[in-house]
Amino acid sequence: MSKPSILVARAIFPEVLQSLAQVFEVESNQADEVWSAAELNRRMQGKVGALTTGSERIDAALLQANPQLRIVANMAVGFNNFDVPAMTAAGVVASNTPDVLTETTADFGFALLMATARRVTESEHFLRAGLWTKWSYDMFAGAEVHGATLGIIGMGRIGQGIARRGAHGFGMKVIYHNRSRLSAELEAECKATYVSKEELLKTADHVVLVVPYSAESHHTIGAAELAQMKPSATLVNIARGGIVDDGALAQALAAKQIAAAGIDVFEGEPSVHPDLLKVPNVVLTPHIASATIQTRRAMAQLAADNLIGFFTQGQAVTPLNT
Ligand code: DGY
């Protein structure tokens, strides 16, 4: 019997590709180009499954042009590149990679918070530029992290990981806002107190965004929200581009309306709002919150296991719509 044909839309670990090749006829994009929608559609012809990353959009047009498609496995926990209702209507299983990246992404959220609060990259640029001539009492003085108030917007698994790091590791007071309140057990474990978004913005010393992207969460932080934050506060976005209005953020940073920001995800990435590139008080990283070899391998393997599970056992491991 011939093997089912699948598309692996971006480069992944060779060993994961090998595990797929045992079960499937695999067309893979080892050149790792980001295909246009037309090219993705062309490559998808005849494929019954696909492994994608957040860069490939699975929408109604692609589904209509590929009625043979049965499952698309995203190598990401976020899935705003999927039109899940359209996939469900077309009978296509959607899956993502929850859990395997939680702790690594929370680590990075904390790294970005520390780098932002303590002005790590700004001071490094200063040093590399040969501008360091003497020690001064207030040179690159930043914001305290230990004992400060940490405000987390989006209290899913990653948000909870950041809360635990803040509360248990740094003695921070943790407040959070989420669509629904955590159970009393989880609140106690994370030492986190539920507050309104307004109270969080007004009182937090450091605001971390970990909310999934949707039409409702678009521009969760815009000019009005930035105006509510303390002038000494910092903002970290490891969620998705589009959660923050990047233009409004650049303005707020330039005007010192807030002290600093750490941003890993951007509206329209890999493009970055040009005004963000002009302000010194922002740490900018290229969407790397889950980027350790171990975690990226686990994400790739879970995405592969979703395809393998679906075709060999009739059930994806971590489906979104079944
Ligand atoms: C995710 O998993 O959603 C990340 O953003 C991709 O690394």
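Residues numbered from 1 in each chain as written. Predicted model: local features only at pLDDT ≥ 70, side-chain atom pairs only at ≥ 80, totals over all residues.

1. Digging into the UniProt feature "domain: D-isomer specific 2-hydroxyacid dehydrogenase catalytic" (unreviewed entry) in the protein chain
Thinking step 1. According to UniProt, the positions carrying the feature "domain: D-isomer specific 2-hydroxyacid dehydrogenase catalytic" (unreviewed entry) are residues 6-319.
Thinking step 2. Along residues 6-319, the helical share is 39% and the strand share 15%, with 17 Å between the first and last C-alpha atoms. (UniProt positions renumbered as here; feature names shortened; annotations may be inferred. Helix = DSSP H or I, 4+ residues; strand = E, 2+ residues; numbered from the N terminus.)

2. A few points about the nonpolar core
Thinking step 1. Core analysis: the largest hydrophobic core is formed by 55 residues, its most contacted members being I152, V174, V207, V208, L209, V210 and I258.
Thinking step 2. Beyond its immediate chain neighbours, meaning those up to four positions away, V208 contacts G109, L113, L150, I152, I162 and V236.
Thinking step 3. Counting 40 residues, the second largest nonpolar core, distinct from the first, contains V8, A73, V92 and L101. (Core = buried A, V, L, I, M, F, W, Y, C linked by C-beta atoms within 7 Å. Buried ≥ 20, exposed ≤ 12 C-beta atoms within 10 Å, placed from the backbone. Contact = placed C-beta atoms within 7 Å.)

3. Some details on the sheet that holds strand β10 (residues 234-237)
Remark on secondary structure: sheet strands pair via backbone hydrogen bonds, oriented parallel or antiparallel.
Thinking step 1. If you walk across this open sheet you meet the seven strands as β8-β7-β6-β9-β10-β11-β12, and the pairing is parallel. Only two strands of the sheet have a single partner each, and these edge strands are β8 (192-194) and β12 (282-284). Across the sheet, the axes of successive neighbouring strands diverge by a mean angle of 20°, strand direction being ignored.
Thinking step 2. With five bridges connecting them, strand β6 (residues 149-153) and strand β7 (residues 173-177) associate as parallel partners. Each bridged residue has a counterpart across the sheet, and for I153 the counterpart in β7 is H177. (Pairing = 2+ DSSP bridges. Axes fitted to C-alpha atoms, helices over the stretch in contact; angles between N-to-C directions.)

4. Considerations on the domain arrangement of the protein chain
Thinking step 1. Under the domain assignment used here, the protein chain contains domain 1 (5-100 + 293-313) and domain 2 (102-284).
Thinking step 2. Here the C-alpha centroids of domain 1 and domain 2 sit 31 Å apart.
Thinking step 3. Each partner contributes to the interface: domain 1 provides four residues, whereas domain 2 provides six residues.
Thinking step 4. Looking at the side of domain 1 that touches domain 2, its residues break down into no nonpolar, three polar and one charged. (Domains from an automatic or database assignment. Nonpolar A, V, L, I, M, F, W, Y, C, P; charged D, E, K, R; others polar.)

5. So, the UniProt feature "domain: D-isomer specific 2-hydroxyacid dehydrogenase NAD-binding" (unreviewed entry) in the protein chain
Thinking step 1. UniProt's entry tags residues 110-289 with the feature "domain: D-isomer specific 2-hydroxyacid dehydrogenase NAD-binding" (unreviewed entry), counted in the numbering of this structure.
Thinking step 2. The distance separating the terminal C-alpha atoms of residues 110-289 is 10 Å; by composition the span is 36% helix and 16% strand.

6. Examining the site of the ligand
Thinking step 1. The local shell around the ligand consists of G54, A76, V77, G78, L101 and S290.
Thinking step 2. The residue inventory of the shell around the ligand, partitioned by class, reads three nonpolar, three polar and no charged. (Near = placed C-beta within 6 Å.)

7. Looking at the packing of helix α5 (residues 102-117) against helix α7 (residues 157-170)
Thinking step 1. Running from N to C, α5 and α7 point in directions that differ by 55°, and their axes come no closer than 8 Å. Between α5 and α7, the crossing angle belongs to the class labelled oblique. Helix-helix and strand crossings are classified by hand; for α5 and α7 the assignment is right-handed. Of the residues in α7, those in contact with T102, E103, T105, A106, G109 and F110 of α5 are R157, I158, G161, I162 and R165.
Thinking step 2. By residue class, the composition of the contact of α5 with α7 is four nonpolar, four polar and three charged. (Parallel < 35°, antiparallel > 145°, perpendicular 65-115°, else oblique. Left-handed = near helix turned anticlockwise from the far one by under 90°.)

8. Section: helix α13 (residues 293-313)
Thinking step 1. Compared with the 30 Å implied by 1.5 Å per residue over 21 residues, the 28 Å span of α13 between its first and last C-alpha is a close match.
Thinking step 2. Downstream of α13 by a residue or two, G314 has a phi angle that is positive, lying close to 80°. (Expected span 1.5 Å × (residues − 1).)

9. Digging into the pairing of strand β2 (residues 25-28)
Thinking step 1. Alignment of strand β1 (residues 5-8) against β2, held across four bridges, turns out to be parallel. Note on β2: the bridge partner recorded for I6 is V26.
Thinking step 2. As a crossover connection, the stretch from β1 through helix α1 (residues 14-21) into β2 is right-handed. (Right-handed = clockwise from strand over helix to strand, strands pointing away.)

10. Focus: the sheet that holds strand β3 (residues 49-52)
Thinking step 1. Spatially, five strands are ordered β2-β1-β3-β4-β5 in an open sheet, and the strand pairing comes out parallel. On the outer flanks of this sheet lie β2 and β5 (93-95), each paired with one strand and no other. Taking the axes of each pair of neighbouring strands and ignoring which way they run, one obtains an average angle of 15° across the sheet.
Thinking step 2. Together, β1 and β2 form the strand contacts of α1, whose direction differs from that of β2 by roughly 145°.
Thinking step 3. Its contacts with the sheet place α13 against β1, β3, β4 (71-74) and β5, and it is angled at close to 160° to β4.

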